[in-house]
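Geometric and topological summary
Next come the chains, spelled out residue by residue.
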Amino acid sequence: MNPCHACPRIRGIVPPAGPRPARVMLIGENPSYEEARQKEPFKGKTGIELRGTYLPILGIPASEIFITNAC
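Residues numbered from 1 in each chain as written. Predicted model: local features only at pLDDT ≥ 70, side-chain atom pairs only at ≥ 80, totals over all residues. Heavy atoms only, no water.

So, about the overall build of the protein chain. Per the secondary structure count, the protein chain includes 2 helices and 2 strands. For the protein chain, the α and β elements follow one another from N to C terminus as β-α-α-β. Looking at the protein chain as a whole, 28% of its 71 residues are labelled buried. Put simply, 63% of the contacts in the protein chain that link residues at least 6 apart link residues at least 24 apart. Summed over all atoms, the accessible surface of the protein chain reaches about 4900 Å², with 58% contributed by carbon and sulfur. (Helix = DSSP H or I, 4+ residues; strand = E, 2+ residues; numbered from the N terminus. Buried < 20%, exposed > 50% of the residue type's maximum accessible area, 1.4 Å probe, protein only. Contact = heavy atoms within 4.5 Å. Areas by Shrake-Rupley, 256 points an atom, 1.4 Å probe, with all protein chains shown as cover.)

Next comes the structure, spelled out in structure tokens:
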């Protein structure tokens, strides 16, 4: 894991995921423990809720969304 020393809350660098260009881009605040472990954004509880609840309601496949973290 590559810790960032600029902010003590950041657990590691997580590269963005998804197509480029994309119609939809989601930006998370900072990686969770699970995201830092898997090296992919929105893989923790928020990602489960996003993929299981909100994206189906919107009718947007997760494969069409570019996802990254602000930190």
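More follows now that the structure is in view.
This paragraph deals with the pattern of salt bridges. Counted by the stated rule, this structure contains 2 salt bridges. Across the pair Glu34 and Arg37 runs a salt bridge whose closest N-O atoms are separated by 2.4 Å. Within this pair, Glu34 and its partner Arg37 are both found in helix H1 (residues 33–38), separated by 3 residues, close to a single helical turn. Given a relative accessible area of 22%, Glu34 falls into the partly exposed group. For Glu40, the salt bridge identified is with Lys43, shortest N-O distance 3.9 Å. Judged by its relative accessible area of 29%, Lys43 falls in the partly exposed class. (Salt bridge = Lys/Arg side-chain N within 4 Å of Asp/Glu carboxyl O.)

Attention now goes to the nonpolar core. Phe42, Leu50, Leu55, Ile60, Ile65 and Ile67 form the largest nonpolar core, which has 6 residues in total. Elements supplying a minimum of two residues to this core: helix H2 (45–58) and strand E2 (65–69). Filtering out sequence-adjacent residues up to four positions away, Ile67 remains in contact with Pro16, Ala17, Leu26, Pro41, Phe42, Leu50 and Arg51. (Core = buried A, V, L, I, M, F, W, Y, C linked by side-chain atoms within 4.5 Å.)

Now for the confidence of the model for the protein chain. Taken residue by residue, the protein chain gives an average pLDDT of 85. The fraction at 70 or more is 83%. Considering each helix and strand of the protein chain separately, the mean pLDDT is smallest for H1, with a value of 87, and largest for H2, with 94. (pLDDT = per-residue confidence, 0-100.)

Let us look at H2. The end-to-end C-alpha distance of H2, which contains 14 residues, comes to 19 Å, matching closely the 20 Å that a straight helix rising 1.5 Å per residue would cover. All of the buried residues along H2 are Gly47, Leu50 and Leu55. Tucked into the core, H2 has its buried residues touching strand E1 (24–28) and E2. Count one or two residues on from H2 and you reach Gly59, which has phi positive near 75°. (Expected span 1.5 Å × (residues − 1).)

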